[in-house]
Amino acid sequence: MASLRTPDWHRSATRWSQITLVEDDPGSFDVDRWIGIFRETGSNAACISAGGYVAYYPTEIPHHYRSRHLGGTDPFGALVDGARAHGLHVMARIDPHAFHDDVAQAHPEWVSVGRDGAPRRHWAYPDAWVSCAYGPHSHGYIPLIVREIARNYDIDAIFANRWQGHGVCYCASCRASFRDYADAGLPMDENPSDPVWRAWSAWRRRVLSNLVVELDAVVKEERPHASFIPNMGGSSIMEFDTDLINQQCPILAIDDQGRRGVNAIWRAGRNGKQVRGTFPDRNVILITSVGVEDRRYRWKDSVTTAPELRAWMGSGTLHGLSAWYTKFNGKIPDDRWIAPVRDGFALHERLEAARASMVSATEIAIVEASTTLNHIAWENRDAAETCDFGFYHALVEAKLPFDYISDRMLTPERLAGYRVLVMPDVRCLSDAQCAAIDAFVRNGGSVVAAGQTALYDENGERRANFGLADTFGTDVAGPTETGLKNTYLETAGRHALAATLPEGAERMIGGSERTPVSLGAGDGVEVPFCHLPAFPDLPMEEVYPRGPATEPAVIATERPGCGRVVHIPWNLGSIFWDILAQDHQQLIETCVRWALGKTPDVVVEGRSLVDLSVFEGDGATAVGLQNLTNPMMLKGPIRDVYPVGRHRISVALPEGRTGATARAVIDGGPELAVTLGHGRAEVEIEGIAEMEVVRFDWR
Ligand SMILES: [Zn+2]
């Protein structure tokens, strides 16, 4: 591989083997077998446990705990050498979040302190102690480990897991440092509306950002082409400055390793689209566990089904993510994961070649509510994103391809590529963010906004009126009502959106949360649906509406020179995600299609539930279709694949193009017959097993 050991190494690190060693692995796991697996799976990069909590190499650093089973061996070094012998890129993994008793005794100042003032034992393993991530342990001790690994081993990066601390630490160093910074005591509770909490968040960001820069410099002193890469999974990507991440993280990892509970297969790809919504040109990796993922019971030694593993990994691949499997424990009591990983990687390799130098290109983008979610604890994020899940699922059902754009990235350049912005429940927006969306509409872009979008400022303070009142054509007319029962919408007038309901039906179920609105001044505002006033749900004799439907529930605005705007000031997305009522899916789909106001550039027709991706570049367009038609689509693991039949794929001819050749990249059969007409190119494919990608080369 030409890019080995160059500063650009990360661009070709796209299929990763990760082996997370456990303490008794040295001497009892088969290093050669692992090197064989690197090759057998077609991996081009490996992430290997090196040190931190346990060292898997003969470290010389005092207090750096060596595995009791290490003896005179160096399993980390052997794996690095084996991976290099087969041309792989190599990342060394460290985990600095905990240490053993003797370390805690020798360096009590390294131990994190809880709110009660007591040193924090590890929540899951009380024999160990939690490290303070913001003080001398991170700044004085971890750099020694980083330097030793970078100096002695042929690596491209050091990857740190659990490096960013676990909430507020009340140790002496944190108390003093925060007092210097904010002239205040540490906050006792997570409370986004408390200025001290916000100051602590800003202080923590600064401390950790400095740490990343410091550790990266240490790595580069030893190995100039290499990097320190912090795990920026989950909330961290939203939390840290985008400049820092652009600078320090050539690779971003999504740590959502598999499904648990009710969770759609598309969730893997959604993660990737969200990261791309902020960092469009990063190499983004989807970490996939080979096992059953459930933090309540763990089962880290388990192996999930082959179709589930391929589907999760495939959802990432569909949306352009790099593939990564993680195997916990070097011993292999169950090898059923190896073949599906190999198949998933082979698919990835084929798509990577077919879409080289292409980028995702969709007309519709969901606005990611980064500003809102930053105020919410990570463990409560799913509950805060239910509106988003609902809109996502509805658009997948509608076969409308879409991307994400972060609300931190609403620049004219980034917005220029989109025709419709969808805001399922983007509550917190600053005046500047609102102005960017308003300008988008004035420039002809369309918006579908629901829930409590723009009802709060960037600090989470409720506004007196929507920050987008002018754009929406509506004003707040009362406090938001929650816990509603028995709500209904009725069609009003003959607006195109009222056609959501077929002839003979004029009522559909409403939401459980709504903000009363009145219509603003100005022309072009119509109300296709109104709320019926809420009514009792028992006794049954009382269950009837008390008056006509008059309160606006769906407001459609069309003004000369501007894009179309649909305002839905109730929780359409979350109620749809909760009960999956078809009328709600139809309403979302109709609103987005009306907002688009034209035939979509990519139209896919067929009897299926498929997730779509669209990539463009190099004079070609690649339409990806992942078959989600499966009884286990919403709750895994998938048992079997249910192929779907004939599909038609039609794409608008790009400007200046007159025709195309087309082929099915996965099926690999003969060229597809292209039908031209009405400014579009159309092909038919016989069916889709797990995934198909149709590539149109324009002429
Ligand atoms: Zn501390």
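These numbers were taken from a predicted model, which means no experiment stands behind them.

> Is there a simple way to think about the overall build of the protein chain in this case?
Tallying secondary structure elements over the protein chain gives 19 helices and 30 strands in all. For 699 residues, the compact-globule formula gives about 27 Å, and the C-alpha radius of gyration of the protein chain, at 27 Å, lands near that figure. The principal-axis extents of the C-alpha atoms in the protein chain amount to approximately 80 × 70 × 50 Å. Per-residue burial over the protein chain gives 59% buried out of 699 residues. Pairs at least 24 residues apart make up 75% of the contacts formed inside the protein chain by residues separated by at least 6 positions. Accessible surface computed for the protein chain: about 27,900 Å², of which carbon and sulfur atoms make up 49%. In the protein chain, 69 positive and 91 negative side-chain charges are present, and the distance between their average locations comes to 2 Å.

> How do you make sense of the domain arrangement of the protein chain when you look at a structure like this?
How big an interface is tends to be expressed through the accessible area that disappears when the partners come together. According to the domain assignment, the protein chain contains domain 1 (9-96 + 138-164 + 203-356), domain 2 (364-596) and domain 3 (602-698). Computed from C-alpha coordinates alone, the two centres of domain 1 and domain 3 are separated by 32 Å. Here domain 1 and domain 3 share an interface that buries about 2,100 Å² over both sides, 63% of which is from carbon and sulfur atoms. Contact with domain 3 buries area across many residues of domain 1, yet L318, A354 and R355 alone supply 24% of it, more than any other trio. Here domain 1 is connected to domain 3 by one salt bridge. Of the charged contacts, one joins R310 and E690 as a salt bridge, the two residues approaching to 2.8 Å between their closest N and O atoms. Inspection of the domain 1/domain 3 interface yields twelve residue pairs in polar contact (both at pLDDT 80 or more). Per element, the largest residue contribution to the side of domain 1 that touches domain 3 is seven residues, and it comes from helix α10 (residues 306-318). A breakdown of the residues in the side of domain 1 that touches domain 3 according to their chemical character gives eleven nonpolar, eight polar and six charged.

> I tried to follow the pattern of salt bridges on my own but got confused; where do I start?
Close approach of charged atoms allows side chains of opposite charge to pair. Overall, the coordinates contain 45 salt bridges when judged by the stated rule. For D24, the salt bridge is made with K331, and the minimal N-O distance between the two is 2.8 Å. Linking D24 in the loop between β1 (15-20) and α1 (31-40) with K331 in the loop between β10 (322-328) and α11 (338-354), this pair joins segments that are 307 residues apart in sequence. Judged by its relative accessible area of 23%, K331 is partly exposed. A salt bridge links E481 to R514; the nearest nitrogen and oxygen atoms lie 3.1 Å apart. Taken as a pair, E481 in the loop between β16 (474-476) and β17 (488-491) and R514 in the loop between β18 (507-509) and β19 (517-519) lie far apart in primary sequence, 33 residues in all.

Rules behind the numbers
- Residues numbered from 1 in each chain as written.
- Predicted model: local features only at pLDDT ≥ 70, side-chain atom pairs only at ≥ 80, totals over all residues.
- Heavy atoms only, no water.
- Helix = DSSP H or I, 4+ residues; strand = E, 2+ residues; numbered from the N terminus.
- Rg over C-alpha atoms; globule rule 2.2 N^0.38 Å.
- Buried < 20%, exposed > 50% of the residue type's maximum accessible area, 1.4 Å probe, protein only.
- Contact = heavy atoms within 4.5 Å.
- Areas by Shrake-Rupley, 256 points an atom, 1.4 Å probe, with all protein chains shown as cover.
- Lys, Arg positive; Asp, Glu negative; His and termini not counted.
- Charge placed at Lys NZ, Arg CZ, Asp CG, Glu CD.
- Domains from an automatic or database assignment.
- Buried area = accessible area lost by both parts, 1.4 Å probe.
- Salt bridge = Lys/Arg side-chain N within 4 Å of Asp/Glu carboxyl O.
- Polar contact = N/O pair within 3.5 Å; in protein donor to acceptor, adjacent residues only side chain to side chain.
- Nonpolar A, V, L, I, M, F, W, Y, C, P; charged D, E, K, R; others polar.

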